[in-house]
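The residues making up each chain are set out below.
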Amino acid sequence: GITNEDNGFLETSVEGAFAEQSRARTSYAGISSYGWLNNTWSYNALGSLGSTDFEVEGVGLLQDIDNISSSSFALEVARTVGLTEKDSIHIGISQPIRVERGYAMLMVPELYERGGKLMFSEADADLSPSGRQIDSGITYQAQFLDAIDMGMQLFVTKDPGHVKSEQLATGAFGFMKIQF
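Described in the following lines is the structure provided in the data block. Just so you know, these numbers come straight off a predicted model, no measurement behind them.

A word on the packing of aromatic side chains
- In this structure the tally under the stated criterion is one aromatic pair.
- Between Phe155 and Phe173, the aromatic rings sit 6.5 Å apart at their centres with planes inclined by 50°, giving tilted as the arrangement. Of this pair, Phe155 sits in strand E8 (residues 148-158) while Phe173 sits in strand E9 (residues 168-178); the two residues are 18 residues apart in sequence, bridging distant segments of the chain.
- Judged by relative accessible area, which is 28%, Phe155 ranks as partly exposed.

Spelled out as structure tokens, the structure:
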């Protein structure tokens, strides 16, 4: 499928000191699939690629943004376990949306000249992050007595926030929902 997003870039708008006026048009192309690997394991997969055309007009610290592309993906396999009538285990890996490529030209304020004129220098910034966040996890979920849903997930994240890191982020959480 294809999705178009107007006047935003990854849910961000630019105005004020950064730009008098900006326009962004982002188009995403995605693919998703669900099916069975065999009689026991199902899968769910999706991926998307995005491209943003960003225009900056007027005076501001942000002069230009070019060549922006982004990506995301997720893959999960699941199966029933058999400890209850309605339980399952899910194993997944995913990457949240990430800017793959993009450049910005900024005007950096410097010192004032005699007479009060503020001077600026141009600086180029690479918008692609230093890391690639990869989330992986294993989840068990079950339903008891047709009224209690519960689950527990263990997860590991590499490069949280797409910032390169030598350490892994780990965690666990659980939930319980009771229907009255």
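With respect to the environment of Glu57
- Relative to the elements of secondary structure, Glu57 occurs in strand E3 (residues 42-57).
- Classification of Glu57 by relative accessible area gives partly exposed; the value is 31%.
- With 37 residues separating them along the chain, Glu57 and Glu20 place their C-alpha atoms 6.3 Å apart.
- Excluding residues that lie within four positions of it along the chain, Glu57 makes contacts with Glu20, Gln21 and Arg23.

Focus on the pairing of strand E7 (residues 134-144)
- Two elements, strand E5 (residues 86-112) and E7, share nine bridges in a ladder whose sense is antiparallel. From the neighbouring strand, His90 faces E7, where its bridge partner is Thr139.
- Taken together, the eleven bridges between E7 and E8 define a ladder with antiparallel strand orientation. Bridging from a neighbouring strand, Ile134 pairs with Lys158 of E8.
- Where E7 folds back onto E8 in an antiparallel hairpin, the turn is made up of three residues, including Leu145, whose phi is positive at roughly 55°.

What counts as what
- Residues numbered from 1 in each chain as written.
- Predicted model: local features only at pLDDT ≥ 70, side-chain atom pairs only at ≥ 80, totals over all residues.
- Heavy atoms only, no water.
- Phe/Tyr/Trp six-rings, centres within 6.5 Å; stacked < 30°, edge-to-face > 60°.
- Helix = DSSP H or I, 4+ residues; strand = E, 2+ residues; numbered from the N terminus.
- Buried < 20%, exposed > 50% of the residue type's maximum accessible area, 1.4 Å probe, protein only.
- Contact = heavy atoms within 4.5 Å.
- Pairing = 2+ DSSP bridges.

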